[in-house]
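Close look at the chain arrangement
One-letter residues, chain by chain:
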Amino acid sequence: MIVTLLLLAVAALLSLVFVYLAVFERDLMKAIVFSAGQSICYSIMLHAMAAPDITMTYVAVSVGLYSALLVFVVSKTERYEEV
Amino acid sequence: MRTSLVVLLALLGAALAASGALVALGLKAPLALRELGLYYVLNTIRDCASPEAVAAIVWDYRGLDTIYETAVLYFALVGGLAIFRAAKAQGFKKPVGLTELSKTSTRLISLLIAAVSVCIALHGHLTPGGGFPGGSALAVVAMLAVPIYSVNSMLERGITSTKLIAVRGAALTALGLVALLPVIRGLEIVTNQRFYPGAVLGFTISGSISMYNFFEFMAVASGFAALALYLSIPEEAFREVVERG
């Protein structure tokens, strides 16, 4: 029980760090990688909450497809964000 | 940088203290199942011949909802295709791609992803997983192949966007037929156990659940792979088609 709660707390905080990094990163490719990191944290949380079905879909869509789709989108625009 | 580190450490401390306090206060995960959950756990295997309660709920107990959901996805795709009308993914004259290192590692990873995705889809009625996770995992292979080997690699193997869309349409039609077939015997739409067999030659197939999973797997994988091909169309070629009307 305590291990699950600890895992949830650490994964949730780590996802917050990834969100911060993804929002403030100027290089959009790096931002996509940070966003994928945040998704990995979320899938750890889902697994800790004993939802393997959701975890599988979430990993395939948010880490695989979503990141790949965004890489395509960034390739059609500029890689570096200007202020 | 140092301030944000301090803030993060403080947040971590607060989160750990909160989880510790919750345990100290006697918070426990509810061990007893609620009535509804208990019904599914006890009766899924009898009602749907499937030990996987989630798949049974998605494709049998609430099957009609899922069929409508799939129909919505299908019509959304029709709208998307209208935008891509007449635009065809074409190969480059000189195939471009990434380095040999990334190509070799992608080849290995693709094999693993493909094997795992088929397992997820075909075991969907027995273990966690199913058509949608399996299909989207397989689509990752296409999403990797297009940028790393260039779109030519897929077109040379005869995988075109038209064919993929055709596969998707056929799979969704088959899915609809599986849902509709019980009607000819006077049963309700999306009937499972009263029409389809629970096991064939000793293999548990859970009636229609494994069929739905397989067709959904085909539909999702081919749909997303077609998307990868469409996204490889250069901006200029696409604009030309849209402006021509």
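The shown structure was predicted, so the numbers you read here are calculated from the model rather than taken from an experiment.

All right, on to the pattern of salt bridges then. Overall, the coordinates contain four salt bridges over all chains when judged by the stated rule. With a shortest N-O distance of 2.9 Å, Arg79(A) and Asp27(A) are connected by a salt bridge. With Arg79(A) in the segment after helix H3 (52-75) and Asp27(A) in the loop between helix H1 (2-24) and helix H2 (28-48), this residue pair connects regions lying 52 residues apart in the sequence. Owing to a relative accessible area of 41%, Arg79(A) belongs among the partly exposed residues under this scheme. One salt bridge in this structure joins Arg194(B) and Glu188(B), with 2.9 Å as the shortest N-O distance. For Glu188(B), a relative accessible area of 49% translates into the label partly exposed.

Okay, the side chain of Gln38(A) next. Residue placement: Gln38(A) occurs in helix H2. Not counting residues within four places of it along the chain, the set of residues in contact with Gln38(A) comprises Ser15(A), Phe18(A), Val19(A) and Tyr58(A).

Attention now moves to the interface of chain B and chain A. Residue-level contacts link 31 residues of chain B with 21 residues of chain A. When the two sides are added together, the surface that chain B and chain A hide from each other amounts to roughly 2100 Å², 84% of it contributed by carbon and sulfur. It is Pro128(B), Met143(B) and Leu231(B) in chain B that bury the most area against chain A; as a group they hold 23% of the surface buried on that side. In this assembly, chain B and chain A are joined by zero salt bridges.

It is worth spelling out the packing of aromatic side chains at this point. All names here are of chain B. A complete count under the given rule lists 10 aromatic pairs over all chains for this structure. Arranged with centres 5.9 Å apart and planes meeting at 70 degrees, the rings of Tyr39 and Tyr40 form a pair that is edge-to-face. Look at Tyr40 and you get buried, because its relative accessible area is 18%. With centroids separated by 4.9 Å and ring planes inclined at 85 degrees, the aromatic side chains of Phe195 and Tyr196 adopt a geometry described as edge-to-face. Residue Tyr196 is classed as buried on the basis of its relative accessible area, which comes to 8%. Three or more aromatic residues joined by ring pairs form one cluster here, namely Tyr39, Tyr40 and Tyr61.

Reading the values: rules and limits
- Residues numbered from 1 in each chain as written.
- Chains lettered and ligands numbered in written order.
- Predicted model: local features only at pLDDT ≥ 70, side-chain atom pairs only at ≥ 80, totals over all residues.
- Heavy atoms only, no water.
- Salt bridge = Lys/Arg side-chain N within 4 Å of Asp/Glu carboxyl O.
- Helix = DSSP H or I, 4+ residues; strand = E, 2+ residues; numbered from the N terminus.
- Buried < 20%, exposed > 50% of the residue type's maximum accessible area, 1.4 Å probe, protein only.
- Contact = heavy atoms within 4.5 Å.
- Buried area = accessible area lost by both parts, 1.4 Å probe.
- Phe/Tyr/Trp six-rings, centres within 6.5 Å; stacked < 30°, edge-to-face > 60°.

What is shown is where atoms sit, not what they do.
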